[in-house]
Amino acid sequence: MKPEELPASPAADRNKSFILEELKKRIPELTRLIEIASGTGQHAQFFAENCPQWEIQTSDRELESMGLKKRVAGAGLENLLTPIEVDVTEELPEGLKTFDFLYAANCMHIMPWSAAPHFFEKVQRLLVPGGQAFLYGPFEFDDITTAPSNLDFSASLKLRDPDMGLRHFNQVSDEAAKNSLRFQERVSMPANNFILTFKKDG
Ligand SMILES: C[S@@+](CC[C@H](N)C(=O)[O-])C[C@H]1O[C@@H](n2cnc3c(N)ncnc32)[C@H](O)[C@@H]1O
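Our subject in this report is the structure included herewith. Note that the structure is predicted; figures quoted are calculated from it, not measured. Going along each chain's sequence as written, the residues are numbered from 1 onward. This being a predicted model, a pLDDT of at least 70 is required before a residue's local features are given, and a value of 80 or more before pairs of side-chain atoms are given or counted; all residues contribute to the totals for chains, interfaces and linings.

**Some words on the pairing of strand β1 (residues 31–36)**
Look at any regular strand and the pattern is simple: side chains alternate between the two faces of the sheet. Of the pairings in the sheet, the one linking β1 to strand β2 (residues 54–60) comprises 4 bridges and is parallel in character. Its bridge partner being in β2, Arg32 is matched across the sheet by Glu55. In terms of handedness, the path from β1 via helix α2 (residues 42–50) over to β2 forms a crossover that is right-handed. A pair of strands is considered paired only if DSSP assigns at least 2 bridges between the two. Starting at the N terminus, helices and strands are each numbered in turn, a helix being any DSSP run of H or I of at least four residues and a strand any DSSP run of E of at least two. For β1 and strand β4 (residues 99–105), the ladder comprises 4 bridges, and the chain directions are parallel. Bridge assignment links Ile34 to a residue of β4, and that residue is Leu102. If you view a crossover with the strands going away from you and the path from the first strand over the helix to the second runs clockwise, you call it right-handed.

Structure follows, in structure tokens:
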């Protein structure tokens, strides 16, 4: 399959360079990183192309329908590893190593909130002590008025499935803290998105 025929998200192409710019400020040149809920794999491919010393392990609960497996194979990048199946609500694959960094984009509002404890438990298990997690996407905060476009987006998700929808930062950080993941930083991103960073207790 030609690269242009792979499933792709226009939003992922628009936001990938802004995300990478912020990650590069916080992630050293040589490292190992896992992505949860990679989707189409556009972010991971872009990161791997631009940071050849980052070894990137992509994953999703489903590797075919969004073309993740084909995209990674077609990219032919040594530092972009074959995707693995990780459903955060299930057991992790046997023998999976730990990572210095973890990245997950646009998944908290897609997963039902009942998956959040499992998500953070897996984040905690996948990180080395002192490792950091970066969560990208739209979130709600007490001190920021949620953009009308995000409110509409959340309402449309809830129409599809009442368990979907934007999450409030307090919910997210509370759940993370239960798994030894301390909230560190909020980075405002274009299009009313954010990066939330968490550090696993060392
Ligand atoms: C909106 S897509 C985001 C894809 C990509 N990260 C991006 O930003 O373009 C949400 C992703 O979450 C994944 N997902 C949903 N529930 C999951 C679960 N329980 N475990 C792992 N991945 C899950 C879906 O398969 C999908 O790839």
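This is not the end of the story, as more comes after the structure.
**Quick word on unusual backbone geometry**
Its identity as a non-glycine residue notwithstanding, Asn106 has a phi of 55 degrees, on the positive side. Unlike most non-glycine residues, Asn192 shows phi in positive territory, near 60 degrees. Mapped onto the secondary structure, Asn192 falls in the loop between β8 (181–189) and β9 (193–200). Here a residue counts as buried when 20 or more other C-beta atoms fall within 10 Å of its C-beta, as exposed when 12 or fewer do, and as partly exposed in between; the C-beta atoms come from the backbone. A count of 15 C-beta atoms within 10 Å places Asn192 in the partly exposed class.

**Examining the sheet that holds β4**
Pairing in this open sheet of 7 strands is mixed, and the strands run β3-β2-β1-β4-β5-β9-β8 from one edge to the other. Strands at the two margins of the open sheet, each flanked by one partner only, are β3 (80–85) and β8. Averaged over all neighbouring strand pairs, the angle between strand axes comes to 20 degrees, with direction disregarded. Once C-beta atoms are placed from the backbone, any two residues with those atoms within 7 Å are in contact. Axis geometry follows a simple rule: fit a line to the C-alpha atoms, using only the stretch in contact for helices, then measure angles between N-to-C directions, giving values from 0 to 180 degrees. Across the sheet, helix α1 (residues 10–26) touches β5 (127–137), β8 and β9, and the angle it forms with β9 is around 30 degrees. Where helix α4 (residues 116–126) meets the sheet, its contacts fall on β1, β4, β5, β8 and β9, and the angle it forms with β5 comes to roughly 135 degrees.

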